[in-house]
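Commentary on secondary and tertiary structure
The lines below spell out each chain.
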Amino acid sequence: VIPAELRVAEAKGRIYLGDPAGAVRLYEESLAENLSPRNRLNYQAQKAAALALSGDCHAAVSEGLTVLPELEKQVASPRTLSELQPVRDAAEQVGNEEFCTRWDAAMREGSRYV
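Structural notes, computed from the coordinates. (Residues numbered from 1 in each chain as written. Predicted model: local features only at pLDDT ≥ 70, side-chain atom pairs only at ≥ 80, totals over all residues. Heavy atoms only, no water.)

**Focus: the overall build of the protein**
- Tallying secondary structure elements over the protein gives seven helices and zero strands in all.
- Along the chain direction, N to C, the helices and strands of the protein fall in the order α-α-α-α-α-α-α.
- Computed over the C-alpha atoms, the radius of gyration of the protein is 13 Å, within 12% of the 13 Å expected from 2.2 N^0.38 for a compact globule of 114 residues.
- If you line up the protein on its principal axes, its C-alpha atoms span 35 × 30 × 20 Å.
- Relative to its full complement of 114 residues, the protein shows a buried share of 42%.
- Once local pairs closer than 6 in sequence are excluded, the contacts in the protein between residues at least 24 apart make up 51%.
- If you sum the accessible surface of the protein, you get close to 6200 Å²; carbon and sulfur atoms cover 51% of it. (Helix = DSSP H or I, 4+ residues; strand = E, 2+ residues; numbered from the N terminus. Rg over C-alpha atoms; globule rule 2.2 N^0.38 Å. Buried < 20%, exposed > 50% of the residue type's maximum accessible area, 1.4 Å probe, protein only. Contact = heavy atoms within 4.5 Å. Areas by Shrake-Rupley, 256 points an atom, 1.4 Å probe, with all protein chains shown as cover.)

**A look at the packing of helix α3 (residues 37-53) against helix α6 (residues 85-94)**
- Contact geometry of α3 with α6 gives a least axis separation of 8 Å together with a crossing angle of 45°. Judged by the inter-axis angle, α3 sits oblique to α6. As for how α3 packs across α6, the hand of that crossing is left-handed. Residue-level inspection shows Ala-48, Ala-49, Ala-52 and Leu-53 of α3 in contact with α6, the latter providing Pro-86, Val-87 and Ala-90.
- Classifying every residue of the contact of α3 with α6 by side-chain character gives seven nonpolar, no polar and no charged. (Axes fitted to C-alpha atoms, helices over the stretch in contact; angles between N-to-C directions. Parallel < 35°, antiparallel > 145°, perpendicular 65-115°, else oblique. Left-handed = near helix turned anticlockwise from the far one by under 90°. Nonpolar A, V, L, I, M, F, W, Y, C, P; charged D, E, K, R; others polar.)

**Examining the environment of Cys-100**
- You can see Cys-100 is positioned in helix α7 (residues 97-111).
- Separated by 64 residues in sequence, Cys-100 and Ser-36 have C-alpha atoms that sit 27 Å apart.
- The residues contacting Cys-100, other than those within four sequence positions of it, are Arg-88, Ala-91 and Glu-92.

**As for the side chain of Gln-46**
- By secondary structure assignment, the location of Gln-46 is in helix α3.
- Assessed through its relative accessible area of 2%, Gln-46 is described here as buried.
- The residues touching Gln-46, leaving out its near neighbours within four places in the chain, are Val-8, Lys-12, Tyr-27 and Glu-83.

Below, the structure is given as structure tokens:
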């Protein structure tokens, strides 16, 4: 276990305790470390979800749009795609059709491999 993984576990705990803004800070610290591409992508998705849960819908969608291209290329991680569900909800709230359309398509594509 590396420090980034511990911070991510703490970030998840902060979300469960109703402090998504505190979780965002922990995700940012984790993302500053040297991570495998898979973990980086997953943590970015979790950060985007925490932003959505904290009410910062525009930042959540912006962060989520940095994750989607990798998932669209390979859809190797349905779990990471699922992490973006709160971002999908936020995108719908702010009328970001691009994110909604791309996420929905990735989910349909990913469901073929599950």
